[in-house]
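# Geometric and topological summary
The primary structure of each chain is shown beneath.
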Amino acid sequence: MNEGQASAPAAGGAESAARKSQLEANLKAVHARIARAVVTSGRQDQPELVVVTKFHPASDVLLLAELGVRDVGENRDQEAAAKQAEVAAAGFVLRWHFIGQLQSNKAKSVARYADAVHSVDRPGLVDALAKAVRAAERPALQCFLQVDLGEQATGEQAGGQRGGVLPAHLLELAARVADAEELTLAGVMAVAPLGEGGRSADPEQAFAKLAELSAQLVREHPQATAISAGMSADLEVAIAHGATHLRVGSDVLGRRAAVR
Ligand SMILES: *Cc1c(COP(=O)(O)O)cnc(C)c1O
(Lines give C-alpha, C1' and ligand atoms only; values in the text may rest on other atoms or scores of the structure.)
Protein backbone atom coordinates (compact mmCIF):
# COMPACT_ATOMS: atom_id res chain seq x y z
CA MET A 1 0.00 0.00 0.00
CA ASN A 2 1.12 3.55 -0.66
CA GLU A 3 2.68 4.78 2.59
CA GLY A 4 1.78 8.42 2.15
CA GLN A 5 -1.86 7.69 1.65
CA ALA A 6 -2.05 5.12 4.40
CA SER A 7 -0.84 7.64 6.98
CA ALA A 8 -3.13 10.46 5.86
CA PRO A 9 -5.83 11.38 8.40
CA ALA A 10 -9.11 9.58 7.89
CA ALA A 11 -11.15 12.76 7.83
CA GLY A 12 -10.58 16.45 7.31
CA GLY A 13 -8.27 16.36 4.32
CA ALA A 14 -5.82 19.14 3.53
CA GLU A 15 -7.07 21.58 6.15
CA SER A 16 -6.67 19.06 8.92
CA ALA A 17 -3.22 18.10 7.67
CA ALA A 18 -2.16 21.75 7.71
CA ARG A 19 -3.51 22.22 11.22
CA LYS A 20 -1.72 19.09 12.34
CA SER A 21 1.66 20.28 11.09
CA GLN A 22 1.07 23.65 12.74
CA LEU A 23 0.28 21.97 16.06
CA GLU A 24 3.28 19.70 15.63
CA ALA A 25 5.62 22.65 15.08
CA ASN A 26 4.16 24.55 18.06
CA LEU A 27 4.46 21.50 20.31
CA LYS A 28 8.04 21.01 19.25
CA ALA A 29 8.87 24.63 20.05
CA VAL A 30 7.26 24.37 23.49
CA HIS A 31 9.08 21.12 24.25
CA ALA A 32 12.34 22.79 23.22
CA ARG A 33 11.65 25.72 25.60
CA ILE A 34 10.91 23.25 28.39
CA ALA A 35 14.10 21.28 27.72
CA ARG A 36 16.19 24.46 27.73
CA ALA A 37 14.62 25.70 30.96
CA VAL A 38 15.20 22.33 32.63
CA VAL A 39 18.88 22.47 31.72
CA THR A 40 19.22 26.11 32.80
CA SER A 41 17.68 25.39 36.17
CA GLY A 42 19.83 22.30 36.71
CA ARG A 43 16.87 20.03 37.31
CA GLN A 44 17.14 16.27 36.91
CA ASP A 45 13.42 15.63 36.53
CA GLN A 46 11.15 16.51 33.60
CA PRO A 47 8.01 18.56 34.16
CA GLU A 48 4.84 17.26 32.51
CA LEU A 49 3.17 19.27 29.80
CA VAL A 50 -0.60 19.62 30.04
CA VAL A 51 -1.86 21.10 26.78
CA VAL A 52 -4.73 23.47 27.52
CA THR A 53 -7.31 22.98 24.76
CA LYS A 54 -10.09 25.24 26.08
CA PHE A 55 -12.01 27.13 23.38
CA HIS A 56 -10.48 24.93 20.68
CA PRO A 57 -12.51 22.17 19.00
CA ALA A 58 -12.37 18.44 19.72
CA SER A 59 -10.80 18.01 16.28
CA ASP A 60 -7.70 19.79 17.64
CA VAL A 61 -7.62 17.46 20.64
CA LEU A 62 -7.73 14.50 18.27
CA LEU A 63 -4.83 15.87 16.24
CA LEU A 64 -2.86 16.45 19.45
CA ALA A 65 -3.59 12.88 20.51
CA GLU A 66 -2.25 11.64 17.17
CA LEU A 67 0.86 13.72 17.86
CA GLY A 68 1.40 11.90 21.14
CA VAL A 69 -0.15 14.34 23.62
CA ARG A 70 -1.63 12.45 26.56
CA ASP A 71 -2.55 15.22 29.02
CA VAL A 72 -5.03 17.95 28.17
CA GLY A 73 -6.51 20.76 30.26
CA GLU A 74 -9.96 22.32 30.15
CA ASN A 75 -11.61 25.00 32.25
CA ARG A 76 -15.34 24.67 31.59
CA ASP A 77 -17.32 21.60 32.46
CA GLN A 78 -19.77 21.58 29.56
CA GLU A 79 -17.09 22.10 26.97
CA ALA A 80 -14.78 19.53 28.56
CA ALA A 81 -17.47 16.86 28.90
CA ALA A 82 -18.47 17.17 25.24
CA LYS A 83 -14.90 17.06 24.00
CA GLN A 84 -13.94 14.15 26.20
CA ALA A 85 -16.90 12.15 24.86
CA GLU A 86 -15.95 12.91 21.27
CA VAL A 87 -12.29 12.05 21.80
CA ALA A 88 -13.13 8.83 23.66
CA ALA A 89 -15.53 7.81 20.87
CA ALA A 90 -12.62 8.17 18.44
CA GLY A 91 -10.70 5.67 20.54
CA PHE A 92 -8.23 7.92 22.40
CA VAL A 93 -7.76 7.66 26.13
CA LEU A 94 -6.27 10.90 27.41
CA ARG A 95 -5.79 12.28 30.90
CA TRP A 96 -8.18 15.19 31.39
CA HIS A 97 -7.10 17.95 33.78
CA PHE A 98 -9.78 20.33 34.98
CA ILE A 99 -8.04 23.67 35.55
CA GLY A 100 -10.84 26.25 35.86
CA GLN A 101 -12.93 27.55 38.70
CA LEU A 102 -15.39 24.86 39.61
CA GLN A 103 -18.82 25.20 41.15
CA SER A 104 -19.71 22.41 43.55
CA ASN A 105 -22.79 21.49 41.54
CA LYS A 106 -20.52 20.60 38.61
CA ALA A 107 -18.47 18.13 40.67
CA LYS A 108 -20.62 15.20 39.63
CA SER A 109 -20.09 15.85 35.95
CA VAL A 110 -16.36 16.52 36.30
CA ALA A 111 -15.88 13.27 38.25
CA ARG A 112 -17.11 11.35 35.20
CA TYR A 113 -14.25 12.34 32.92
CA ALA A 114 -11.49 14.17 34.80
CA ASP A 115 -8.36 12.48 36.11
CA ALA A 116 -7.23 15.57 37.97
CA VAL A 117 -8.69 18.83 39.24
CA HIS A 118 -6.12 21.64 39.57
CA SER A 119 -8.50 24.19 41.03
CA VAL A 120 -9.53 22.73 44.39
CA ASP A 121 -9.79 25.80 46.60
CA ARG A 122 -12.41 25.35 49.31
CA PRO A 123 -13.80 22.76 51.74
CA GLY A 124 -17.23 22.61 50.09
CA LEU A 125 -15.68 21.66 46.79
CA VAL A 126 -13.54 18.97 48.43
CA ASP A 127 -16.66 17.41 49.93
CA ALA A 128 -18.59 17.63 46.65
CA LEU A 129 -15.76 16.02 44.69
CA ALA A 130 -15.36 13.20 47.21
CA LYS A 131 -19.06 12.47 47.07
CA ALA A 132 -19.09 12.58 43.27
CA VAL A 133 -16.14 10.19 43.00
CA ARG A 134 -17.82 7.77 45.39
CA ALA A 135 -21.03 7.86 43.34
CA ALA A 136 -19.15 7.36 40.08
CA GLU A 137 -17.31 4.30 41.48
CA ARG A 138 -14.13 5.40 39.81
CA PRO A 139 -10.48 5.52 40.91
CA ALA A 140 -9.35 8.35 43.15
CA LEU A 141 -9.30 11.85 41.72
CA GLN A 142 -6.02 13.76 41.81
CA CYS A 143 -6.45 17.10 43.55
CA PHE A 144 -4.18 20.11 43.25
CA LEU A 145 -4.89 22.86 45.77
CA GLN A 146 -5.12 26.18 43.98
CA VAL A 147 -3.48 28.94 45.97
CA ASP A 148 -4.40 32.59 45.65
CA LEU A 149 -1.11 34.45 45.31
CA GLY A 150 -2.69 37.75 44.37
CA GLU A 151 -4.20 38.97 47.60
CA GLN A 152 -1.25 38.65 49.90
CA ALA A 153 -0.81 42.35 50.55
CA THR A 154 -4.41 42.83 51.59
CA GLY A 155 -4.91 39.50 53.31
CA GLU A 156 -8.60 38.83 53.53
CA GLN A 157 -9.62 40.71 50.44
CA ALA A 158 -10.27 37.38 48.81
CA GLY A 159 -11.98 36.52 45.61
CA GLY A 160 -9.72 37.60 42.84
CA GLN A 161 -11.68 36.26 39.87
CA ARG A 162 -9.19 33.44 39.56
CA GLY A 163 -10.03 31.68 42.80
CA GLY A 164 -7.65 29.94 45.13
CA VAL A 165 -7.30 29.33 48.84
CA LEU A 166 -5.38 31.94 50.81
CA PRO A 167 -1.95 30.65 51.85
CA ALA A 168 -2.95 30.78 55.52
CA HIS A 169 -5.65 28.17 54.91
CA LEU A 170 -3.68 25.82 52.67
CA LEU A 171 -2.81 23.17 55.26
CA GLU A 172 -6.35 23.07 56.61
CA LEU A 173 -7.67 22.41 53.10
CA ALA A 174 -4.94 19.81 52.50
CA ALA A 175 -6.02 17.90 55.59
CA ARG A 176 -9.55 17.75 54.27
CA VAL A 177 -8.42 16.29 50.95
CA ALA A 178 -6.08 13.84 52.69
CA ASP A 179 -8.98 12.64 54.85
CA ALA A 180 -11.14 11.80 51.83
CA GLU A 181 -10.28 8.35 50.53
CA GLU A 182 -11.85 9.19 47.17
CA LEU A 183 -9.26 11.93 46.61
CA THR A 184 -5.49 11.97 46.21
CA LEU A 185 -3.62 15.06 47.34
CA ALA A 186 -1.30 15.81 44.42
CA GLY A 187 0.12 19.18 45.44
CA VAL A 188 -0.36 22.88 44.79
CA MET A 189 -1.37 24.99 41.81
CA ALA A 190 -1.31 28.70 41.08
CA VAL A 191 -1.70 31.27 38.36
CA ALA A 192 0.69 34.21 38.58
CA PRO A 193 -1.30 37.34 39.46
CA LEU A 194 -2.06 39.59 36.51
CA GLY A 195 -0.47 42.97 36.16
CA GLU A 196 -1.13 45.69 33.65
CA GLY A 197 -2.00 44.64 30.12
CA GLY A 198 -2.96 41.14 31.24
CA ARG A 199 0.61 39.95 31.63
CA SER A 200 1.85 38.29 34.79
CA ALA A 201 2.79 41.02 37.26
CA ASP A 202 5.75 39.21 38.75
CA PRO A 203 5.82 35.48 38.06
CA GLU A 204 9.24 35.22 39.69
CA GLN A 205 7.90 36.32 43.06
CA ALA A 206 4.66 34.36 42.69
CA PHE A 207 6.31 31.06 41.82
CA ALA A 208 8.95 31.49 44.52
CA LYS A 209 6.12 31.88 47.02
CA LEU A 210 4.36 28.84 45.57
CA ALA A 211 7.54 26.77 45.97
CA GLU A 212 7.67 27.79 49.63
CA LEU A 213 4.06 26.78 50.14
CA SER A 214 4.72 23.48 48.38
CA ALA A 215 7.59 22.78 50.79
CA GLN A 216 5.28 23.45 53.74
CA LEU A 217 2.68 21.11 52.30
CA VAL A 218 5.20 18.33 51.63
CA ARG A 219 6.40 18.49 55.25
CA GLU A 220 2.93 17.33 56.34
CA HIS A 221 2.03 15.31 53.23
CA PRO A 222 5.22 13.80 51.78
CA GLN A 223 3.46 12.47 48.67
CA ALA A 224 1.96 15.82 47.68
CA THR A 225 4.97 16.98 45.69
CA ALA A 226 3.31 18.23 42.54
CA ILE A 227 3.46 21.90 41.58
CA SER A 228 1.12 22.96 38.79
CA ALA A 229 2.43 26.30 37.53
CA GLY A 230 3.54 27.96 34.35
CA MET A 231 1.57 28.95 31.26
CA SER A 232 2.66 30.06 27.78
CA ALA A 233 4.13 33.36 29.00
CA ASP A 234 5.91 32.20 32.14
CA LEU A 235 6.73 28.50 31.83
CA GLU A 236 10.49 29.09 32.12
CA VAL A 237 10.08 30.94 35.43
CA ALA A 238 7.79 28.18 36.71
CA ILE A 239 10.33 25.50 35.77
CA ALA A 240 13.07 27.41 37.60
CA HIS A 241 10.85 27.26 40.69
CA GLY A 242 10.17 23.54 40.50
CA ALA A 243 6.92 23.27 38.51
CA THR A 244 6.06 19.63 37.82
CA HIS A 245 2.96 20.30 35.68
CA LEU A 246 2.95 23.07 33.06
CA ARG A 247 -0.40 24.23 31.69
CA VAL A 248 0.25 25.59 28.22
CA GLY A 249 -2.51 26.68 25.86
CA SER A 250 -1.95 29.49 23.37
CA ASP A 251 1.65 28.70 22.50
CA VAL A 252 0.51 25.28 21.28
CA LEU A 253 -2.96 25.99 19.89
CA GLY A 254 -2.71 29.64 18.94
CA ARG A 255 -4.91 32.50 19.98
CA ARG A 256 -8.38 32.00 21.32
CA ALA A 257 -11.20 34.41 22.13
CA ALA A 258 -10.03 36.95 24.70
CA VAL A 259 -11.97 35.69 27.75
CA ARG A 260 -10.30 33.39 30.20
C1 LIG B 1 -6.04 29.14 29.98
C2 LIG B 1 -5.26 28.68 31.14
C3 LIG B 1 -3.92 28.26 30.98
C4 LIG B 1 -3.18 28.33 29.66
O5 LIG B 1 -2.82 29.64 29.40
P6 LIG B 1 -1.97 30.06 28.10
O7 LIG B 1 -1.54 31.44 28.40
O8 LIG B 1 -2.90 29.97 26.96
O9 LIG B 1 -0.84 29.12 27.98
C10 LIG B 1 -3.27 27.78 32.10
N11 LIG B 1 -3.87 27.73 33.30
C12 LIG B 1 -5.14 28.14 33.49
C13 LIG B 1 -5.73 28.07 34.85
C14 LIG B 1 -5.87 28.63 32.42
O15 LIG B 1 -7.12 29.03 32.61
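Thresholds, definitions, all that
Position numbers for residues count from 1 along each chain, tracking the sequence in the order it is written. Totals for whole chains, interfaces and linings use all residues, but because this is a predicted model, local features are given only for residues with pLDDT of at least 70 and pairs of side-chain atoms are given and counted only at 80 or more. Excluding hydrogens and water, the side-chain values take into account all heavy atoms of the structure. UniProt positions are given in the numbering used here, feature names are shortened, and annotations may be inferred rather than shown by experiment. Segments assigned H or I by DSSP are reported as helices when at least four residues long, segments assigned E as strands when at least two residues long, and all are numbered from the N terminus. Nearness is defined per residue: one heavy atom within 4 Å of the molecule or strand is enough. The definition of a polar contact used here is a pair of N or O atoms within 3.5 Å, where within protein one atom must be able to donate a hydrogen and the other to accept one, and adjacent residues in sequence count solely through side-chain atom pairs. Note on areas: Shrake-Rupley with a 1.4 Å probe; residue coverage comes only from the protein chains shown. We call Asp, Glu, Lys and Arg charged. Ala, Val, Leu, Ile, Met, Phe, Trp, Tyr, Cys and Pro are nonpolar, and the rest, Gly among them, are polar. Axis lines are fitted to C-alpha atoms, over the contacting stretch for helices. Their N-to-C directions set the angle, which ranges from 0 to 180 degrees. For this classification, under 35 degrees means roughly parallel, over 145 means roughly antiparallel, 65 to 115 means roughly perpendicular, and everything else is oblique. Handedness of a crossing follows from how the near helix is turned relative to the far one, being left-handed for an anticlockwise turn of less than a right angle and right-handed for a clockwise one. The contact definition used throughout considers only heavy atoms, calling two residues in contact when any of these lie within 4.5 Å. Residues grouped as a nonpolar core are buried Ala, Val, Leu, Ile, Met, Phe, Trp, Tyr and Cys residues, joined through side-chain atoms within 4.5 Å. The buried label applies to any residue whose accessible area, calculated with a 1.4 Å probe on protein chains only, is under 20% of its type's maximum; exposed applies above 50%, and partly exposed to all values in between.

Right, let's talk about the UniProt feature "modified residue: N6-(pyridoxal phosphate)lysine" (unreviewed entry) in the protein for a bit. Per the UniProt record, the feature "modified residue: N6-(pyridoxal phosphate)lysine" (unreviewed entry) sits at Lys54. Tracing the chain through its elements places lysine 54 in the loop between strand E1 (48-52) and helix H3 (58-66).

Next up on the list: the site of the ligand. Taken together, 13 residues lie near the ligand, and Lys54, Ser232, Gly249, Ser250 and Arg256 sit nearest. Measuring from an oxygen atom of the ligand, one finds a side-chain N or O atom of lysine 54 at 2.7 Å. Interatomic distance of 2.9 Å between a side-chain N/O atom of arginine 247 and a nitrogen atom of the ligand. Here the ligand loses 92% of its free accessible area of 380 Å² to cover by the protein chains. The residue inventory of the shell around the ligand, partitioned by class, reads six nonpolar, three polar and four charged.

Next up on the list: the packing of helix H7 (residues 170-179) against helix H8 (residues 203-220). Taken N-terminus to C-terminus, the directions of H7 and H8 make an angle of 45 degrees; their axes are 11 Å apart at the nearest point. When the axes of H7 and H8 are compared, the pair comes out oblique. H8 is crossed by H7, and the crossing has right-handed handedness. Residues Leu170, Leu171 and Ala174 of H7 touch H8, and the partners they reach there are Leu213, Gln216, Leu217 and Glu220. Split by residue class, the contact of H7 with H8 holds five nonpolar, one polar and one charged.

Quick look at the nonpolar core now. Ranked by internal contacts, the top residues of the largest apolar core, which has 67 residues, are Leu129, Leu183 and Leu210. Examining the composition of this core, we find that seven residues originate from one element, helix H6 (residues 123-136), more than from any other. Residues in contact with leucine 210, not counting those within four places in the same chain, are Val147, Leu149, Val188, Met189, Ala190, Ile227, Ser228 and Ala229. If you look at the next biggest cluster of nonpolar residues, it comprises six residues, including Ala116, Phe144, Ala186 and Ala226.

What follows deals with the environment of alanine 174. Note that alanine 174 resides in helix H7. The exposure class of alanine 174 is buried, given its relative accessible area of 0%. For the pair alanine 174 and histidine 221, spaced 47 residues apart in the sequence, the C-alpha separation amounts to 8.3 Å. The contact partners of alanine 174, leaving out residues within four places of it in the chain, are Leu145, Leu185, Leu217 and His221.

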